[in-house]
Amino acid sequence: MINFEMAVFYLFAAILVFAAVRVITARNPVHSALFLVLSFFTAAGIWMLLRAEFLAIALVLVYVGAVMVLFLFVVMMLDINLDRLKEGFWSYLPLGATIAFLVVVEMVLVLGGRYFGLQALPAPADPGANYSNTRELGLLLYTDYVYPFELAAVVLLVAIIAAIALTMRKRKDTKYQNPSQQVAVKRGDRVRMVSMPSDKGG
Amino acid sequence: MELVQAFQGLLQSGLGGLWGGYVFTVIKTLILIICIVLPLLLSVAYLTLWERKFIGWMQIRLGPNRVGPLGLLQPIADAIKALVKELIIPAGSNKFLFVVAPAMALAPALAAWAVVPFGPGVVLADVNAGILYLMAMTSLGVYGVIIAGWASNSKYAFLGSMRSAAQIVAYEIAMGFALVCVLMVSHSLNLSEIVNGQAKGYFAEQGINILSWNWLPLFPMVLVYFISGVAETNRSPFDVVEGESEIVAGHMIEYSGMAFATFFMAEYANMILISTLTAIMFFGGWAAPVEMAPFTMIPPFLWLFIKMFFIVTIILWLRATFPRYRYDQIMRLGWKVFIPLTIVWLVLIGAWMQTPWNIWK
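Residues numbered from 1 in each chain as written. Chains lettered and ligands numbered in written order. Predicted model: local features only at pLDDT ≥ 70, side-chain atom pairs only at ≥ 80, totals over all residues. Heavy atoms only, no water.

1. Re the overall build of chain B
So, point 1. On a plain count of helices and strands, chain B comes out with 15 helices and zero strands.
So, point 2. Computed over the C-alpha atoms, the radius of gyration of chain B is 22 Å, within 12% of the 21 Å expected from 2.2 N^0.38 for a compact globule of 361 residues.
So, point 3. Considering only C-alpha atoms, chain B reaches an extent of 65 × 60 × 40 Å along its principal axes.
So, point 4. For chain B, the residues scored as buried account for 50% of the 361 residues in total.
So, point 5. Sequence-distant contacts in chain B: of pairs separated by 6 or more residues, those separated by 24 or more amount to 76%.
So, point 6. Total accessible area on chain B stands at roughly 16,900 Å², and carbon and sulfur atoms take up 72% of it. (Helix = DSSP H or I, 4+ residues; strand = E, 2+ residues; numbered from the N terminus. Rg over C-alpha atoms; globule rule 2.2 N^0.38 Å. Buried < 20%, exposed > 50% of the residue type's maximum accessible area, 1.4 Å probe, protein only. Contact = heavy atoms within 4.5 Å. Areas by Shrake-Rupley, 256 points an atom, 1.4 Å probe, with all protein chains shown as cover.)

2. A word on the overall build of chain A
So, point 1. If you tally the helices and strands in chain A, you get nine helices and zero strands.
So, point 2. Counting across all 202 residues of chain A, residues that qualify as buried make up 19%.
So, point 3. For chain A, long-range pairs separated by at least 24 residues make up 54% of all intrachain contacts whose partners lie at least 6 apart in sequence.
So, point 4. Total accessible area computed for chain A in this model is approximately 16,500 Å², and 68% of it derives from carbon and sulfur atoms.

3. Some details on the side chain of threonine 342 of chain B
So, point 1. Relative to the helices and strands, threonine 342 of chain B resides in helix H15 (residues 327–354).
So, point 2. If near-sequence neighbours (up to four positions away) are discounted, threonine 342 of chain B is found in contact with Ala174, Phe177, Ala178, Met221 and Val224 of chain B.

4. Some remarks on the packing of helix H10 (residues 219–232) of chain B against helix H12 (residues 257–282) of chain B
Any two packed helices are characterised by the angle at which their axes cross and by the distance between the axes.
Residue and element names in this part refer to chain B.
So, point 1. Closest axis-to-axis distance for the H10/H12 pair is 10 Å, and the angle between their directions is 165°. Of the possible angle classes, the one that applies to H10 and H12 is roughly antiparallel. As for the relative orientation of H10 and H12, their crossing is right-handed in sense. Seen from H10, the contacting residues are Met221, Val222, Tyr225, Phe226 and Gly229; seen from H12, they are Ile274, Leu277, Thr278 and Phe282.
So, point 2. Tallied by class, the residues present in the contact of H10 with H12 amount to seven nonpolar, two polar and no charged. (Axes fitted to C-alpha atoms, helices over the stretch in contact; angles between N-to-C directions. Parallel < 35°, antiparallel > 145°, perpendicular 65-115°, else oblique. Left-handed = near helix turned anticlockwise from the far one by under 90°. Nonpolar A, V, L, I, M, F, W, Y, C, P; charged D, E, K, R; others polar.)

5. Focus: helix H2 (residues 29–49) of chain A
One turn of the α-helix equals 3.6 residues, which is why residues spaced by three or four share an orientation.
Residues and elements named next belong to chain A.
So, point 1. With 21 residues, H2 extends 30 Å from end C-alpha to end C-alpha; this agrees with the ideal 30 Å at 1.5 Å per step.
So, point 2. If you check which residues of H2 are buried, you get Val30, Ser32, Ala33, Leu34, Phe35, Val37, Ser39, Thr42, Ala43, Ala44, Gly45 and Ile46.
So, point 3. Of the residues one or two after H2, arginine 51 is the one with positive phi, at around 65°. (Expected span 1.5 Å × (residues − 1).)

6. Some words on the packing of aromatic side chains
So, point 1. A full pass over the atoms with the stated rule returns 17 aromatic pairs over all chains.
So, point 2. Their ring planes at 40° and their centres at 5.3 Å tell us that phenylalanine 40 of chain A and tyrosine 63 of chain A sit as a pair that is tilted. Here tyrosine 63 of chain A lies in helix H3 (residues 53–77) and phenylalanine 40 of chain A lies in helix H2, a separation of 23 residues in the sequence.
So, point 3. On the numbers, 6.3 Å between centres and 15° between planes, the contact of tryptophan 215 of chain B with phenylalanine 283 of chain B is stacked. Remark: phenylalanine 283 of chain B occurs in the loop between H12 and helix H13 (293–296) and tryptophan 215 of chain B occurs in the loop between helix H9 (202–205) and H10; sequence separation between them is 68 residues.
So, point 4. You can call tryptophan 215 of chain B partly exposed: its relative accessible area is 22%.
So, point 5. These aromatic residues form a ring-pair network of at least three members: Trp50, Phe54, Trp57, Phe305 and Phe309 of chain B. (Phe/Tyr/Trp six-rings, centres within 6.5 Å; stacked < 30°, edge-to-face > 60°.)

7. Regarding the interface of chain B and chain A
So, point 1. If you look at the interface, chain B gives 31 residues, while chain A gives 33 residues.
So, point 2. For the pair chain B and chain A, the two sides together bury roughly 2,600 Å², of which 76% comes from carbon and sulfur.
So, point 3. Applying the counting rule to chain B against chain A returns zero salt bridges.
So, point 4. Joining chain B to chain A, the criterion identifies three residue pairs in polar contact (both at pLDDT 80 or more).
So, point 5. Partitioning the side of chain B that touches chain A into residue classes produces 22 nonpolar, five polar and four charged. (Buried area = accessible area lost by both parts, 1.4 Å probe. Salt bridge = Lys/Arg side-chain N within 4 Å of Asp/Glu carboxyl O. Polar contact = N/O pair within 3.5 Å; in protein donor to acceptor, adjacent residues only side chain to side chain.)

8. Some remarks on the packing of helix H6 (residues 142–151) of chain B against helix H7 (residues 155–186) of chain B
Residues and elements named next belong to chain B.
So, point 1. H7 packs onto H6 with a crossing angle of 155° between their chain directions and a minimal axis gap of 7 Å. Between H6 and H7, the angle falls in the class roughly antiparallel. Seen from above, H6 lies across H7 with left-handed handedness. Contacts between H6 and H7 involve Val142, Val145, Ile146, Gly149 and Trp150 from the former and Ala157, Phe158, Ser161, Ser164, Ala165 and Ile168 from the latter.
So, point 2. Taken together, the residues of the contact of H6 with H7 sort by class into eight nonpolar, three polar and no charged.

9. Side note on the side chain of glutamine 74 of chain B
So, point 1. With respect to the helices and strands, the residue glutamine 74 of chain B is situated in helix H3 (residues 74–84).
So, point 2. Dropping the residues within four chain positions of it, glutamine 74 of chain B is found in contact with Leu49, Arg52, Pro64 and Val67 of chain B.

10. Some words on the environment of leucine 34 of chain A
So, point 1. Relative to the helices and strands, leucine 34 of chain A is located in helix H2.
So, point 2. When the C-alpha atoms of leucine 34 of chain A and valine 64 of chain A are compared, they prove to be 9.8 Å apart, with 30 residues separating the residues in sequence.
So, point 3. For leucine 34 of chain A, the residues in contact, after removing those within four places along its chain, are Leu72 of chain A together with Leu97 and Ile147 of chain B.

11. Re the pattern of salt bridges
All names here are of chain B.
So, point 1. Scanning all chains against the criterion turns up six salt bridges over all chains.
So, point 2. For glutamate 267, the salt bridge goes to arginine 235, with nearest N and O atoms at 3.0 Å. Taken together, the positions of glutamate 267 in helix H12 and arginine 235 in the loop between H10 and helix H11 (244–247) put the pair 32 residues apart, joining distant regions of the chain. A single burial state applies to glutamate 267 and to arginine 235, both of which are buried.
So, point 3. One salt-bridge network, in which partners are shared between bridges, spans Glu51, Arg235, Glu267 and Arg319.

12. A look at unusual backbone geometry
Residue and element names in this part refer to chain B.
So, point 1. A positive phi angle, close to 55°, is found at isoleucine 60, a residue other than glycine.
So, point 2. A positive phi is found at asparagine 234, a non-glycine position, where the angle reads about 60°.
So, point 3. Inspection of the secondary structure assignment puts asparagine 234 in the loop between H10 and H11.
So, point 4. For asparagine 234, a relative accessible area of 9% gives the class buried.

13. Observations concerning H3 of chain B
All names here are of chain B.
So, point 1. Listed as buried for H3 are Gln74, Pro75 and Ala82. What you see down the axis of H3 is that its buried residues fit within an arc of 95°, all on one side. For H3, the exposed residues set more than 90 degrees away from the buried face come down to Ile80, Leu83 and Val84. (Arc of directions from axis to C-beta.)

14. Here's the deal with a nonpolar patch on the surface
So, point 1. Together, Leu95, Ile99, Val103, Met107, Val110 and Leu111 of chain A make up a nonpolar patch on the protein surface, roughly 570 Å² of accessible area in all.
So, point 2. Residue classification places leucine 111 of chain A among the exposed residues on the basis of a relative accessible area of 57%. (Patch = residues over 30% accessible without salt bridge, like charges linked within 9 Å, V, L, I, M, F, W, Y side chains within 5 Å.)

Dropping the structure here:
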């Protein structure tokens, strides 16, 4: 007897697999990016089924809400010539096939190991309605794993600064406005009142 | 109540115990969703009328007054007009995405209402991670705008959607940090508990609830949240997305009929949502401002509505008052003013909570 949760899981899993396949088979890069959004979203749904609500919502918030928006932003502005992209297909095929084979082997080794599988990892017990995933995760991250967590934060910070430093270039001819100067401007700085005699001559 | 139980029994006998229960839950939830969404859409319709009337009065005009008494049937007339207009799909556009985009703009604005509490215990989904869910939902609204701009195959629409994407991503961060301050002082992500947490403290014990709500101790955060909310909904003075004077009408320029109207429904639904959330996070949600006879007689959901109405009216007031921001000034305000301010305030609140003068125990 298939229950409701399983039905929802298989529905989401089917959508996820479909979307993931379409990410690499769609001809239009914008469609690929949108299918990636769909697959993130369904993955979040599956995590929700696993009662990992913090991770599920964080996935939607960070990846769907921010990362993919910027991604889409870039992909939409690219002028992608599909014929140019396809030129190197056959020359890259051996390398790509080798990497794909290695990934498949690694996945089989990991997933086929005796430490994984349904017997080794039984389904977690239902923690009850008042169990707060976020609180548990926060407690764990800021006590037991505080050093790795802070280290990851610092690595990310370094990456941010590096990205900014790499793309920042000071141009000499940029027109720059100082907002505080603009706000503090007085009438006398911009307008000069001149008293002129009216033209009396004919 | 008996009717509901009888219906549940009927379903369970008809479909078997397990599946009958699921079907009952689904139908019950759908009915509750309709109970929330119908008044919401009605509010959206009448908010458009209120905006036109209110700004009209501010500018010493009458506003709509032809359709029905005082122009009260104007939104209905507008809806009928939008429905019977032809939906034109531009040549060279991506048909599927072009049609889907308005729905993607509106859906998150409606979905966010699932966790909004209308009174003590009156909420569709009383989830633990309420704030996170809200932030996730409000960040999804940008997809409708981006996809509309791209699928229209039009330069103006695309420029509008690019402006919007950058603006929404920028202000989301400041909004998120402002909400982090709220969740720090209320020790919870659950919206009902955030509202309840504001009814504690010295002033609440004196019966003056309004002074113990979050807006006072978290004062700059209220402004940051509210202004970021206005920027997120692309409302004036941050409406460079539409920018009539330079890019005609932004991402929805190629749309016509109901699809065009759906974008406006999304905008107004988002305004109502942001106002309600400001009321919940900073102005005590459904609680009465003072524990006295005339105030406590008003039911909780009405209090929430009154607060929402005031805040949404302020958004309209902004539109009638301020000229449009320049684009680089919007970005400056978001990245260089709000985000540093919220981060500093976060540290300040954290330090305050460690001192003996912590008021949020």
